[in-house]
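Single-letter residue listing:
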Amino acid sequence: MVARALALESEHLQRVWQFFVRNTVNWSIATVPTPSWAHKVFPELPVEEGIQELWETIFVTCRIDTENYVERWERHRSTLEDRSRLLNDLRLRALHFEGPGTELRVGLPRGHVWRNPGFVTQDGIPFIADIPIEEVFTLPHRNEVEGHVRSTRPFVVNGRTVDDFTLRFQRGRITSIEGCRQDQEMLRTLINNNEGADRLGEVALVPVDSLVANRDRPYYNTLFDENSSSHLAFGRAYRFCLDGGEELSEEKFLAAGGNVSSVHVDFMVGSTEVHVFGETWDGLRIPIMQNGVWS
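Attention in this report is confined to the structure presented alongside it. Because the structure is a prediction, the values reported are computed rather than measured. (Residues numbered from 1 in each chain as written. Predicted model: local features only at pLDDT ≥ 70, side-chain atom pairs only at ≥ 80, totals over all residues. Heavy atoms only, no water.)

### Observations concerning unusual backbone geometry
Rules: Numbering of helices and strands starts at the N terminus; helices are DSSP runs of H or I of at least 4 residues and strands are runs of E of at least 2. The classification of residues rests on relative accessible area computed with a 1.4 Å probe and restricted to protein chains. Under 20% of the type maximum is buried, over 50% is exposed, and intermediate values are partly exposed.
Backbone torsion omega between I131 and P132 reads 5°, so that peptide bond is classified as cis. As for its position among the elements, P132 is in the loop between β4 (126–128) and β5 (136–138). One non-glycine residue, R91, adopts positive backbone phi at about 50°. Considering the arrangement of structural elements, one finds R91 in the loop between α5 (69–90) and β1 (94–99). By relative accessible area, which is 63% here, R91 ends up exposed.

Below you can see the structure in the form of structure tokens.
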């Protein structure tokens, strides 16, 4: 039921997503504490104290806990832009994730573009899409993911928590789901019953010393958890991560290596034990992240 609900929600939001993925309008995702969320994250505290802890987390991770928050955001956005530019200059052929339970090669299509959530609308309005934000990201080649990867943090899909699982890939497709402490059948149904959900649509790099990661706690909320660790997403790829991708037909986008799906689900794969290497078209191996932090 959860998998069907997510697919139905995504289907009805497709019209809205078209504005987002094409940067037609300026937009942002944010969140506020609720009693149920506070209890989930801080079960050891009375609910009111948990809500206060969540507010503190939001203020710290959103960089608004000091008076110079505008300056801090300008520096942070500049840092993310620099990292995106450096990765784009490398013009990588693939990324390799290596760590306990993980040996994964993620191919990157020609013309892929590393992005960060500091966007500009078609009318020239700059905006930050996600708050908090620590990632730079691009799209994998839908047919060129090989190996296996183990999740490193729990994530939530429509209120259901999924944790400690391994995905195996062959020629871009998920061939098996192993482990998974809970809700494995829901995860399997979500991946197998939605077109394109059995392939990756995003690869994102996040250092383990980010402001969210430094809180050292799962938040059971993708907006926060994905900013504590490098992550992957199965399902829909963002067209603006491919040069000229917004103008391609669906068939040409697929042929170029992009993935099309009604779902997009992030799961965390980074940790202090995970290394990321870049593979160039000349066969060079370049360290990108060591022990979860930028090389």
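### A closer look at the side chain of R142
Convention followed: All tallies of charge rest on Lys and Arg as positive and Asp and Glu as negative; His and the ends of each chain are not included. Every case where a carboxyl oxygen of Asp or Glu lies within 4 Å of a side-chain nitrogen of Lys or Arg is listed as a salt bridge. Residues count as neighbours in contact if any of their non-hydrogen atoms are within 4.5 Å of one another.
Assignment of secondary structure puts R142 in the loop between β5 and β6 (145–150). It is E195 that comes nearest to the buried, bridge-free R142 among opposite-charge side chains, at 5.9 Å. Setting aside its immediate chain neighbours within four residues, R142 contacts R171, G172, R199, L254, G257, G258 and N259.

### Remarks on the pattern of salt bridges
In this structure the tally under the stated criterion is 13 salt bridges. With a shortest N-O distance of 3.4 Å, E44 and R217 are connected by a salt bridge. With a gap of 173 residues between them, E44 in the loop between α3 (35–41) and α4 (47–61) and R217 in the loop between β11 (200–205) and α7 (222–225) connect regions that are remote in the sequence. One salt bridge in this structure joins R72 and D65, with 2.8 Å as the shortest N-O distance.

### Observations regarding the sheet that holds strand β13 (residues 264–268)
Definition in use: If DSSP finds at least two bridges between two strands, the strands pair. Helix axes use the C-alpha atoms of the stretch in contact, all axes being lines fitted to C-alpha atoms, and the angles between their N-to-C directions lie in the range 0 to 180 degrees.
One open sheet accounts for four strands, arranged β5-β11-β12-β13; its pairing is antiparallel. Here the strands that pair on one side only, and so sit at the sheet edges, are β5 and β13. Within this sheet the neighbouring strands show an average axis-to-axis angle of 20°, counted without direction. Both β11 and strand β12 (residues 231–235) contribute to a ladder of four bridges, which runs antiparallel.

### Some remarks on the sheet that holds strand β2 (residues 102–107)
Read from one edge of the open sheet, eight strands run β10-β9-β6-β2-β1-β14-β15-β16, paired in antiparallel fashion. Strands at the two margins of the open sheet, each flanked by one partner only, are β10 (173–179) and β16 (293–294). The strands touched by helix α6 (residues 184–192) within the sheet are β9 (165–170) and β10, with β10 carrying the most contacts at an inclination of about 175°.

### Let's talk about the packing of aromatic side chains
The test is simple: Here is the rule: rings of Phe, Tyr and Trp (six-membered ring for Trp) pair when centre to centre is within 6.5 Å. Planes less than 30 degrees apart are stacked, more than 60 are edge-to-face, and the remainder are tilted.
Per the stated rule, a full pass over the model turns up twelve aromatic pairs. Considering the side-chain rings of W27 and F127, the 6.4 Å spacing of their centres and the 50° angle between planes classify their relative orientation as tilted. Pair noted here: W27 is in the loop between α2 (14–21) and α3 and F127 is in strand β4, with a separation of 100 residues, a long-range link. Accessibility assignment for this pair places W27 and F127 in one class, buried.

### Structural notes on the side chain of R239
The condition that has to hold: Polar contacts, as used here, are pairs of N or O atoms within 3.5 Å; protein pairs need one atom able to donate a hydrogen and one able to accept it. Residues neighboring in sequence count only if both atoms are side-chain atoms.
One can find R239 in the loop between β12 and α8 (250–255). A distance of 3.0 Å separates a polar side-chain atom of R239 from the backbone oxygen of G245.

### Let's talk about α5
The following threshold applies: Helix span, as expected, comes to 1.5 Å for every residue beyond the first. Along the arc lie the directions from the helix axis toward the C-beta atoms.
The end-to-end C-alpha separation of α5 is 32 Å, in line with the 32 Å expected for 22 residues at 1.5 Å each. All of the buried residues in α5 are R72, W73, H76, R77, L80, S84 and L87. Projected onto a plane normal to the axis of α5, the buried residues spread over an arc of 130° and lie on a single side. Set apart from the buried face of α5 by more than 90 degrees, the exposed residues are E74, L86 and D89. Against β3 (118–120), β4, β5, β11, β15 (285–290) and β16 lie the buried residues of α5. Phi turns positive, to about 50°, at R91, one or two residues after α5.

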